[in-house]
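Topology and contacts: notes
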Amino acid sequence: MSANYKIWFNGKMREFDDCKVHVQSHALHYGSSVFEGIRAYQTPQGTAFFRLDAHLKRLFYSASIYRIPIRYSFDELREACFEAVRSSGLRSAYIRPLVMRGNCGLGVIPKDLDAVDVSIMVDSWGAYLGEEGLKNGIRACITSWQRLAPNTVPTGAKAGGNYLSSQLIGFEAKDRGFDEGIALGHDGLLSEGAGENLFLIKDGKILTPPSSASILGGITRDTVFSLAADLGMSVLEQTLSREQLYGADEAFFTGTAVEVTPVRQVDHITIGNGGCGPLTKRIQAAFFGLFNGETQDQHNWLSYL
Ligand SMILES: Cc1ncc(COP(=O)(O)O)c(C=O)c1O
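Residues numbered from 1 in each chain as written. Predicted model: local features only at pLDDT ≥ 70, side-chain atom pairs only at ≥ 80, totals over all residues. Heavy atoms only, no water.

1. Description of the domain arrangement of the chain
Structurally, the chain comprises domain 1 (6-123) and domain 2 (131-292). Here domain 1 and domain 2 have C-alpha centroids that lie 26 Å from each other. Regarding the contact of domain 1 and domain 2, the summed buried area is about 1800 Å², with carbon and sulfur atoms giving 61% of it. Among the residues domain 1 hides against domain 2, the three largest losses belong to Phe35, Tyr41 and Arg58. Together they make up 31% of the total. The tally of links between domain 1 and domain 2 comes to 2 salt bridges. A salt bridge links Arg39 to Glu259; the nearest nitrogen and oxygen atoms lie 3.6 Å apart. Where domain 1 packs against domain 2, one counts 12 residue pairs in polar contact (both at pLDDT 80 or more). Those elements giving two or more residues to the side of domain 1 that touches domain 2 turn out to be β3 (33-35), β4 (38-43) and α2 (52-65). Broken down by element, the residue count for the side of domain 1 that touches domain 2 peaks at 6 residues, all from α2. Tallied by class, the residues present in the side of domain 1 that touches domain 2 amount to 11 nonpolar, 7 polar and 4 charged. (Domains from an automatic or database assignment. Buried area = accessible area lost by both parts, 1.4 Å probe. Salt bridge = Lys/Arg side-chain N within 4 Å of Asp/Glu carboxyl O. Polar contact = N/O pair within 3.5 Å; in protein donor to acceptor, adjacent residues only side chain to side chain. Helix = DSSP H or I, 4+ residues; strand = E, 2+ residues; numbered from the N terminus. Nonpolar A, V, L, I, M, F, W, Y, C, P; charged D, E, K, R; others polar.)

2. Some thoughts on the site of the ligand
In the vicinity of the ligand lie 16 residues, with Lys158, Tyr163, Ile219, Thr220 and Thr256 positioned nearest. One nitrogen or oxygen atom from the side chain of Arg58 is found 2.9 Å from an oxygen atom belonging to the ligand. Note that an oxygen atom of the ligand is positioned 2.4 Å from one of the side-chain N or O atoms of Tyr163. Contact with the protein chains removes 95% of the 380 Å² of surface that the ligand exposes when unbound. (Near = heavy atom within 4 Å. Areas by Shrake-Rupley, 256 points an atom, 1.4 Å probe, with all protein chains shown as cover.)

This is the structure we're talking about:
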């Protein structure tokens, strides 16, 4: 698939069709890439990245786990994200920094540790699970595929290879007619969605599986912790069963792509009122308020273009 926008690739903006990697690239064979998904929103004060530094920090963390050297500094990549969004001309955008092991021979342990390519793509991206889902909730199922067990592959690092698990979870959900799949951890307890963190609300308490539940520590998840506190509520991280999700008053997903999306049904069981629950609505409003000016950016999460 071709497109007519430019990509920041190995140090400068280049034409879409000029951004190529070799078939011997290690990342293609062994999943050795790390990446981020970041959004920039159109706000009354202009276009602003949302939590850019937190995303870049996670990118460097993910790379460190797999010993992938990034030859650009944090500030250089930060500036590159600005350059890529400016060049796109978009007012709201999805930004995809990608660091991948390049052409370094066929062995699993790369022969040239420094063969690393870095790109930053920018495109427009609407509501990941649809506008209707964002407003009234999506239908999810618990999949037979579980998340990676601890001490197999680290789920806190956002690596390309981890998304094989997400693909299996997502495909199974679609095949069964659902919008998205939720996976259990190796212990049979709730983990997360294919590409999003999960929250449920019961008797006024906001609950979410802990970081030890084989989840990616989502930046939107962390945002919800702060927004809930700002609203006088708190979030409890605790192990949760599938049954607790079925019996929840409300449930929602968080993620850069899904933002804050209500879950209205799980395995054909209606959650709460079967739409966007009242507390989810408040959290969602606080979240989107950051971009329409109704929520004060008191945590300095926005970086203006
Ligand atoms: C598996 C998985 N969990 C959770 C998330 C949510 O993370 P974030 O809020 O940082 O986008 C994502 C998206 O990046 C993801 O891919």
